[in-house]
Amino acid sequence: MNKDIPFNWPYMTGKELYYIAEAHFNGRLAGDGPFTKRCHSWLEKHTGCNKALLTHSCTGALEMAALLLDVQPGDEIIMPSYTFVSTANAFVLRGGIPVFVDIREDTLNLDERLIEGAITSKTRAIVPVHYAGVACEMDTIMAISKRYGLKVVEDAAQGVMATYKTRALGSIGDLGTYSFHETKNVIAGEGGALLVNHPDLVSRAEIIREKGTDRSRFYRGEVDKYTWQEVGSSFLPGELIAAFLWAQLEEARRITQERLASWQRYHDRFESFESIGVLRRPIVPESCQHNAHMYYVLLAPGINRQDVIDELKSNLIYSVFHYVPLHSSPAGIRYGRTHGTLDVTDRKSESLLRLPLWVGISEDQQDKVVDVMKKALKL
Ligand SMILES: *Cc1c(COP(=O)(O)O)cnc(C)c1O
């Protein structure tokens, strides 16, 4: 590798092409073949979900969730503003209205104490987003959903291999969604999964994913022909993607352990920065086992983030920030509404900086990032 320290470096286990060759040899390239089935079983075994279904993306899985919950025009969906666009867009496609609620100071996750105040007669669902693979306060969120008869869709795009009180993220709400995009921990280029936890939703989930037909039942020999049953679309990936993903799932534990080690190295090195008040490090509550999806710091007020990014870049270190909060983006203003103030969202999104983290980043590279951060923060 050259002297650049990229922000992300997709990790390949080495077996991806081998499994793709096997799929090629099998001559079975459409979705739901042997590799897809292996991935489904793995996800069901390792998350404890009722049914796992591979999708072409987490975005697709969220769109399936909105279809499955039968979201109607005007239905309100409670979610954070501090998230990726797909969390909201999937529901807006069905005419739903995202209701943006502020986030917690510590985890930057949906503030569960603000959810009840946002509920109206139009509310249909709550969509907690497990930011950076650190769980939302799911016990409280599930209790609220039960009390008000709401559905819970966990956006666990960043949460593969992370847990809340030992339960896999994505397996706690009625539905959960994973992403296998190349920027996530376990990857397939583009890819995702819908975890169906509520047993009543399983058979419709299969139908919605297969263009609104009961083709899955037909393949299992449960019906003698397949027909159009419901509104649906094509959400499944082909076997080449599933073959690639299988190589990654086999190594998911090791990938997570390696990321955690690099994450911890940053965390130790930045402790002294935090103690003098120039930044704040991520906070992981005791009930959460995270997956080291990202390492971010929150720069203290008065520090110009762009200057820090520029200093890193002039040393060939590539850092990024996100998100532009949805409530202040053009489509968020048009399609959503806010509940209360979003002060924490606004403040955190302006001060957050994500540092390079990937499987294989060396100790030397991380030390260089820390050294340049020292220089950028004039320490
Ligand atoms: C990455 C991400 C998505 C989208 O995942 P895709 O697989 O790219 O569709 C959705 N929500 C969150 C929180 C994400 O981080």
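Every value quoted in this text rests on a predicted model; they were computed, and no experiment measured them.

Asks: Sorry, what's going on with the overall build of the protein chain here?
Replies: Helix and strand counts for the protein chain come out as 15 helices and 14 strands. The C-alpha atoms of the protein chain give a radius of gyration of 21 Å, which matches the 21 Å a tight globule of 379 residues would have. Projecting the C-alpha coordinates of the protein chain onto the three principal axes gives extents of approximately 70 × 55 × 35 Å. Counting only residues that meet the buried cut, the protein chain has 56% of its 379 residues in that class. In the protein chain, the share of contacts with a sequence separation of at least 24, taken over all contacts with a separation of at least 6, comes to 69%. By element, 53% of the accessible surface of the protein chain is carried by carbon and sulfur atoms, the whole surface being about 16000 Å². Between the centroid of the 43 positive side chains of the protein chain and the centroid of its 47 negative side chains there is a distance of 2 Å.

Asks: I keep staring at the site of the ligand and nothing clicks. Help me out?
Replies: Taken together, 15 residues lie near the ligand, and T59, D155, Q158, S179 and K184 sit nearest. T59 places a polar side-chain atom, nitrogen or oxygen, 2.5 Å from an oxygen atom of the ligand. The contact in question runs from a nitrogen atom of the ligand to an N or O atom on the side chain of D155, over 2.9 Å. Protein burial of the ligand: of its 380 Å² of free accessible surface, 93% is covered by the chains. Grouping the amino acids of the shell around the ligand by side-chain chemistry returns 5 nonpolar, 8 polar and 2 charged.

Asks: I tried to follow the pattern of salt bridges on my own but got confused; where do I start?
Replies: For side chains of opposite charge, pairing can occur when their charged atoms come near one another. Within the structure shown, the criterion is met by 24 salt bridges. A salt bridge links D139 to K165; its shortest N-O distance comes to 2.6 Å. One end of the pair, D139, is in helix α6 (residues 138-148); the other, K165, is in the loop between β6 (163-164) and β7 (167-168), and 26 residues separate them in sequence. Using a relative accessible area of 41% as the deciding quantity, one classes D139 as partly exposed. In this structure, E274 engages R281 in a salt bridge whose closest nitrogen and oxygen atoms are separated by 3.2 Å. You can call E274 partly exposed: its relative accessible area is 27%. Overlapping salt bridges, with partners in common, bring together R104, D106 and E112 in one network.

Asks: I tried to follow the sheet that holds strand β11 (residues 288-289) on my own but got confused; where do I start?
Replies: Strand-to-strand pairing in sheets goes through backbone hydrogen bonds, with the strands running parallel or antiparallel. Reading across from one edge, β7-β6-β11 is the order of the 3 strands in this open sheet, with antiparallel pairing throughout. Among the strands making up the open sheet, the edge pair consists of β7 and β11.

Asks: Would you take a moment to explain the nonpolar core for this structure?
Replies: What tends to happen in soluble globular proteins is that the nonpolar side chains get buried as a cluster. Y178 and F180 are the most contacted members of the largest nonpolar core, which has 49 residues in total. For F180, the residues in contact, after removing those within four places along its chain, are L43, L54, V160, V186, I187, A188, G189, E190, G191, G192, A193 and L245. In this structure, C58, A157, F235 and L326 belong to the second largest nonpolar core, which totals 31 residues.

Asks: Even after reading the chapter, I still don't get the sheet that holds strand β10 (residues 279-280), so can you show me in this structure?
Replies: Spatially, the 3 strands line up as an open sheet ordered β10-β12-β14, and their pairing is antiparallel. At either margin of the open sheet sits one strand with a lone partner, and together these are β10 and β14 (352-355). When strand β12 (residues 295-299) meets β14, the two strands line up antiparallel, connected through 4 bridges. In the sheet register, Y295 faces β14, and the bridge partner there is L355. Where helix α14 (residues 343-351) meets the sheet, it contacts β10, β12 and β14, and its direction lies at approximately 40° from that of β14.

Asks: Could you clarify how one ought to interpret the side chain of S179 in this entry?
Replies: Inspection of the secondary structure assignment puts S179 in strand β8 (residues 175-179). For S179, a relative accessible area of 5% puts it in the buried group. There is a polar contact of 3.1 Å between the side chain of S179 and the backbone nitrogen of H181. Not counting the four nearest positions on each side in its chain, S179 is found in contact with C58, A157, V160, K184, V186, G191 and G192.

Asks: In this structure, what is going on with the state of the cysteines? I would like to understand it.
Replies: By definition, a disulfide links the sulfur atoms of two cysteine residues through a covalent bond. Using the criterion set out here, one finds 0 disulfides in the structure. Of all cysteine sulfurs, the one in C49 lies closest to C39, which takes part in no disulfide; the gap is 13 Å. Classification of C39 by relative accessible area gives buried; the value is 0%. Residue class for C49 comes out buried when judged on its relative accessible area of 6%.

Asks: How should I be thinking about the domain arrangement of the protein chain in this particular structure?
Replies: Interfaces are often sized by the amount of accessible area the parts lose when they come together. For the protein chain, the domain assignment lists domain 1 (16-250) and domain 2 (252-376). On a C-alpha basis, the centres of domain 1 and domain 2 stand 25 Å from each other. Summing the contributions of domain 1 and of domain 2, the shared interface buries around 3500 Å²; its carbon and sulfur component is 57%. Of all residues in domain 1, Y82, F100 and N185 bury the most surface against domain 2, accounting for 19% of the area lost on that side. Here E105 ties to R347 by a salt bridge, and the two come within 3.0 Å at their closest N and O atoms. Linking domain 1 with domain 2 are 25 residue pairs in polar contact (both at pLDDT 80 or more), by the criterion used here. At the level of elements, α4 (85-92), β3 (97-101), α5 (115-118), β6 and α9 (239-250) are the ones that each hand at least two residues to the side of domain 1 that touches domain 2. Broken down by class, the residue content of the side of domain 1 that touches domain 2 amounts to 25 nonpolar, 13 polar and 9 charged.

Asks: How should the packing of helix α1 (residues 16-26) against helix α2 (residues 34-47) be read in this particular structure?
Replies: Packed helices, taken two at a time, are described by the angle between their axes plus the distance between the axes. Interaxial distance between α1 and α2 falls to 10 Å at its minimum, and their mutual angle equals 130°. One finds that α1 runs oblique with respect to α2. Contacts between α1 and α2 pair Y19, E22, A23 and N26 from the former with P34, F35 and R38 from the latter. When the residues that make up the contact of α1 with α2 are grouped by side-chain class, the tally is 4 nonpolar, 1 polar and 2 charged.

Asks: How should the packing of α1 against α9 be read in this particular structure?
Replies: In the contact formed by α1 and α9, the axes pass within 8 Å of each other and the chain directions differ by 140°. Crossing of α1 against α9: the hand is right-handed. Here E16, Y19, I20 and A23 of α1 come into contact with α9, specifically with E239, L240, A243, F244, W246, A247, Q248 and E250.

Thresholds applied
Residues numbered from 1 in each chain as written. Predicted model: local features only at pLDDT ≥ 70, side-chain atom pairs only at ≥ 80, totals over all residues. Heavy atoms only, no water. Helix = DSSP H or I, 4+ residues; strand = E, 2+ residues; numbered from the N terminus. Rg over C-alpha atoms; globule rule 2.2 N^0.38 Å. Buried < 20%, exposed > 50% of the residue type's maximum accessible area, 1.4 Å probe, protein only. Contact = heavy atoms within 4.5 Å. Areas by Shrake-Rupley, 256 points an atom, 1.4 Å probe, with all protein chains shown as cover. Lys, Arg positive; Asp, Glu negative; His and termini not counted. Charge placed at Lys NZ, Arg CZ, Asp CG, Glu CD. Near = heavy atom within 4 Å. Polar contact = N/O pair within 3.5 Å; in protein donor to acceptor, adjacent residues only side chain to side chain. Nonpolar A, V, L, I, M, F, W, Y, C, P; charged D, E, K, R; others polar. Salt bridge = Lys/Arg side-chain N within 4 Å of Asp/Glu carboxyl O. Pairing = 2+ DSSP bridges. Core = buried A, V, L, I, M, F, W, Y, C linked by side-chain atoms within 4.5 Å. Axes fitted to C-alpha atoms, helices over the stretch in contact; angles between N-to-C directions. Disulfide = S-S within 2.5 Å. Domains from an automatic or database assignment. Buried area = accessible area lost by both parts, 1.4 Å probe. Parallel < 35°, antiparallel > 145°, perpendicular 65-115°, else oblique. Left-handed = near helix turned anticlockwise from the far one by under 90°.

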